[in-house]
Amino acid sequence: MDQRTFEEWAAKRRLPPGLTLDRRNSLWPYIRRYGLRPLKRHGFSAAMWLLGEYQRGIDDALDVQLGEVLIPVPGLAPALDGLSILHLSDLHLGMLEGTQQAVEAAVRDVQVDICVMTGDYAPRFNRQTTSVIEGIRQILAGVETRYGVFATLGNYDSAGMARALIDSGLCRVLVDETVPLIINDALVSITGTDEPYQQDQAGILSALRHPAEGFRVALVHTPDLAAEAAEAGHDLYLCGHTHGGQICLPGGQPVLTNCRKRGDLASGLWREGNMWGYTSRGAGVSSIPRRHNCPPEVTILRLVAGHPIAAS
């Protein structure tokens, strides 16, 4: 995206509901953001303290694990067999002290072909960007990639955050656009979208449907556009947003997923038509700064030639 296009996009980008007090519209989003959310956060913390689970929730939230998932792809080009993608999502740096250091430890000395980040870098939408960018810089310092780092935006990410990411030189920010990569003489097309809840749906869907060659990867903040991406012919869909529920019942059953359509795709590996998808539980926390029965993660996805298996 060139500078002029970026400025035009930034000027039109919508703010999340309730960020400012607007008496011309309903006050409910404002009350929910600045009244009910803090009440929920403090009430839950108090309940966990009374139950003796307060510290465990924090300890669990800082236990960031690096996992590896194999993606069997029929007809995969031999040049892409073994292609590795490090997936980071929902860092929310600054929400819980120690998150950055936990992620740094998890990815230290990781060597992959590609690194992707699927949004929500700050603890809240209007967070000052300098400390967040520095945190991302330190995390990525431990990661070695052959073909670069690609990022898309989440619902916590402002146009200012996008600008700071671009200016940092740490990654290629994809906003409703596709970039081709030549990897071992094979083509990989990576499409990144803006966050789909408040932003221009036409631009997002147009980006997903844009004709592209080779192995097609979609980076979207939420799993809610899985059907549209599969219909458009993408091979792999990487997302986050849900935190896997963050606060889950025993066994990992989420209480809330924050999905509008696809709560069934709230965590882990899944399949939509001929497309594989992976929803990260995320590395950070939001709203309630703790986790229960839902460990944070960063993930290496590795493409392998083979027949598809049922996603768990």
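Since we're looking at a predicted model, the values are computed, not measured. (Residues numbered from 1 in each chain as written. Predicted model: local features only at pLDDT ≥ 70, side-chain atom pairs only at ≥ 80, totals over all residues. Heavy atoms only, no water.)

Draft legend 1. Representation of the pattern of salt bridges in the model. Under the definition given, this model contains 12 salt bridges. Between Lys261 and Glu228 there is a salt bridge whose closest N-O contact spans 3.1 Å. One end of the pair, Lys261, is in the loop between β13 (253-254) and β14 (268-272); the other, Glu228, is in helix α8 (residues 226-231), with 33 residues separating them in the sequence. Accessibility expressed as a relative area gives 48% for Lys261, which makes it partly exposed. Look at the salt bridges and you will find they share partners, linking Arg262, Asp264 and Glu272 into a network. (Salt bridge = Lys/Arg side-chain N within 4 Å of Asp/Glu carboxyl O. Helix = DSSP H or I, 4+ residues; strand = E, 2+ residues; numbered from the N terminus. Buried < 20%, exposed > 50% of the residue type's maximum accessible area, 1.4 Å probe, protein only.)

Draft legend 2. Inspection of unusual backbone geometry at higher detail. Even without glycine at this site, Asp90 takes up a positive phi of about 50 degrees. Mapping Asp90 onto the fold places it in the loop between β2 (84-88) and α4 (99-107). Taking relative accessible area as the criterion, Asp90 reaches 0% and is therefore assigned buried. Here Asp185, not a glycine, exhibits a phi torsion of approximately 70 degrees, which is positive. Within the fold, Asp185 resides in the loop between β8 (177-183) and β9 (186-192).

Draft legend 3. View of the sheet that holds strand β1 (residues 65-73). Strand order in the open sheet formed by 6 strands is β1-β16-β2-β4-β6-β7, and the pairing between neighbours is mixed. Both edges of this open sheet fall to β1 and β7 (172-173), since each of them pairs with a single strand only. In terms of strand pairing, β2 meets strand β16 (residues 297-305) through 4 bridges, oriented antiparallel. Across the sheet, His87 pairs through a bridge with Thr299, a residue of β16. (Pairing = 2+ DSSP bridges.)

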